[in-house]
Every structure is written in C-alpha cells, then in structure tokens.
Amino acid sequence: SAPQPLSPSAPQPHTSSASEPLIPSDELIRQVTIECAERGLLFLRIRDEARMRIAAYQTLYESSLAFAVRKAVQGEEEKSELESKIKEMLADRREKNRYISELQERADSLDAREEERWQQMKSKHHKEIKSLKDLYKAQTKSLHEGLAPPPGFVKGKKE
C-alpha cells in the first residue's frame, strides 16, 4: 500500500520536549504507524536521526565549550607569566640604568680629575720651561761677563 498523505484530522507533529524541537513524539509516531506503517517507520527514522544529530551537536558544543575554557585558562596563565616576566625585565632595566648612571658618574669624575691633572702638569711644565729659560739667560749673562775683557783692556795694543 502506498503512503497516504496526512489528513487534516490526523495528529500534527509536535515537540516531545523542550530539548527536542521538531522531533515527532512517540505517541504521534504510534498513531501514524497505525494509519500507515511506512510513514510510521519514516517518522521513527527521522526521530532517531534527529536525536543522533542533536546528541552530536550537544557533544560538539560541550567539547568546544571545554576547549574555549581551556584556552581562556591557558591565556590567563600565559598572561600572568608574561606580566611577571615584564616586571622582572623592568626591574632588570632599572638596575642596568642605575649601573649605567654609576659608570657615567665615575667616568665624569675621572675626566674631571684627569683634566685637572693635565692642567697641573701643563702649568708645571710651563714653569719649568720658564725657570730653565731664566737659568739659561742668567748663565749666558754670567758666561759673557766672565769672558768679557777686563775693564781697561784694549784690544790690539802691544807695549
């Protein structure tokens, strides 16, 4: 016998529960099977297929939700690790900047001391040169005076 279309008096499909929308209820399937066995079997297949799909979607939803939660927790852990690493690096940077400032102060101090020492050496050198020049002038004068002919000595007279 060929499947017969649903008559207006035949029960209409309705949901069996709020969690299974558009799935024919067992009572509806029973009533349709009484009227037409082929249609009843099709409704059974539709119901079973719908329940399997809903179960698969539910599993997929739950696993994706679990995955999202794992990723969120992992993100929070990584965030806290990165924040602690940032704090550590900032502290390291402050320490290195302090060390750089310390070295800069030492270098500036050494530069100032070396400049002062250079000026002192230059001044001492100029004084030494001046005293040597004065000594040279004095010795030259003394040598000229010692080599000069005595007063009253006339050159070229023979008596």
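That block above? That's the structure.
Keep in mind it's a predicted model, so treat the numbers as computed, not measured.

Turning our attention to the overall build of the protein chain. Secondary structure assignment for the protein chain yields 2 helices and 0 strands. For the protein chain, the proportion of its 159 residues judged to be buried stands at 9%. Carbon and sulfur atoms make up 59% of the accessible area of the protein chain, which totals about 14,300 Å².

With that settled, consider a nonpolar patch on the surface. Taken together, Tyr 61, Leu 65, Val 69 and Val 73 make up a surface patch of nonpolar side chains, about 370 Å² in accessible area. Mapped onto the secondary structure, Leu 65 falls in helix α2 (residues 37-147). Among the residues examined, Leu 65 registers a relative accessible area of 43% and is labelled partly exposed.

To continue, consider a negative patch on the surface. A cluster of like negative charges, contributed by Glu 102, Glu 105, Asp 108, Asp 111 and Glu 115, occupies part of the molecular surface. A relative accessible area of 52% means that Asp 111 is categorised as exposed.

Here the focus is the pattern of salt bridges. On inspection of all chains with the given rule, the structure shows 7 salt bridges. Here Arg 53 makes a salt bridge to Glu 49, at a shortest N to O gap of 3.3 Å. A residue pair is termed a helical-turn pair when its members lie 3 or 4 positions apart in one helix, as Arg 53 and Glu 49 do in helix α2 at 4 residues. A relative accessible area of 36% places Glu 49 in the partly exposed class. Salt-bridge contacts for Asp 134 lead to Lys 130; the nearest nitrogen and oxygen are separated by 3.5 Å.

A separate point is the side chain of Ser 25. Here Ser 25 shows up in the segment before α1 (26-35). For Ser 25, a relative accessible area of 8% puts it in the buried group. Side-chain polar atoms of Ser 25 contact the backbone nitrogen of Leu 28, separated by 3.1 Å.

Right, let's talk about α2 for a bit. Relative to the 165 Å expected for 111 residues at 1.5 Å per residue, α2 spans 157 Å between its end C-alpha atoms, a close match to the ideal helical length. Restricting attention to buried positions, one finds in α2 the residues Arg 39, Gly 40, Phe 43, Arg 47 and Ala 50.

The next subject is α1. Every buried residue belonging to α1 is among Leu 28, Ile 29 and Val 32, and all of these are buried. Axial view of α1: buried residues confined to an arc of 95°, hence all on one face. Of the surrounding secondary structure, the elements contacted by the buried residues of α1 are α2.

Once that is clear, we can look at the packing of α1 against α2. The interhelical angle for the contact between α1 and α2, taken along N-to-C directions, is 155°, at an axis separation of 6 Å. One element, α1, and the other, α2, form an angle in the roughly antiparallel class. Residue-level inspection shows Asp 26, Ile 29, Val 32, Thr 33 and Glu 35 of α1 in contact with α2, the latter providing Ala 37, Arg 39, Gly 40, Phe 43, Leu 44, Arg 47 and Arg 51. When the residues that make up the contact of α1 with α2 are grouped by side-chain class, the tally is 5 nonpolar, 2 polar and 5 charged.

Each value, and the rule that gives it
Residues numbered from 1 in each chain as written. Predicted model: local features only at pLDDT ≥ 70, side-chain atom pairs only at ≥ 80, totals over all residues. Heavy atoms only, no water. Helix = DSSP H or I, 4+ residues; strand = E, 2+ residues; numbered from the N terminus. Buried < 20%, exposed > 50% of the residue type's maximum accessible area, 1.4 Å probe, protein only. Areas by Shrake-Rupley, 256 points an atom, 1.4 Å probe, with all protein chains shown as cover. Patch = residues over 30% accessible without salt bridge, like charges linked within 9 Å, V, L, I, M, F, W, Y side chains within 5 Å. Salt bridge = Lys/Arg side-chain N within 4 Å of Asp/Glu carboxyl O. Lys, Arg positive; Asp, Glu negative; His and termini not counted. Charge placed at Lys NZ, Arg CZ, Asp CG, Glu CD. Polar contact = N/O pair within 3.5 Å; in protein donor to acceptor, adjacent residues only side chain to side chain. Expected span 1.5 Å × (residues − 1). Arc of directions from axis to C-beta. Contact = heavy atoms within 4.5 Å. Axes fitted to C-alpha atoms, helices over the stretch in contact; angles between N-to-C directions. Parallel < 35°, antiparallel > 145°, perpendicular 65-115°, else oblique. Nonpolar A, V, L, I, M, F, W, Y, C, P; charged D, E, K, R; others polar.

So, to be careful, I would describe these as geometric facts and stop short of saying anything about function.
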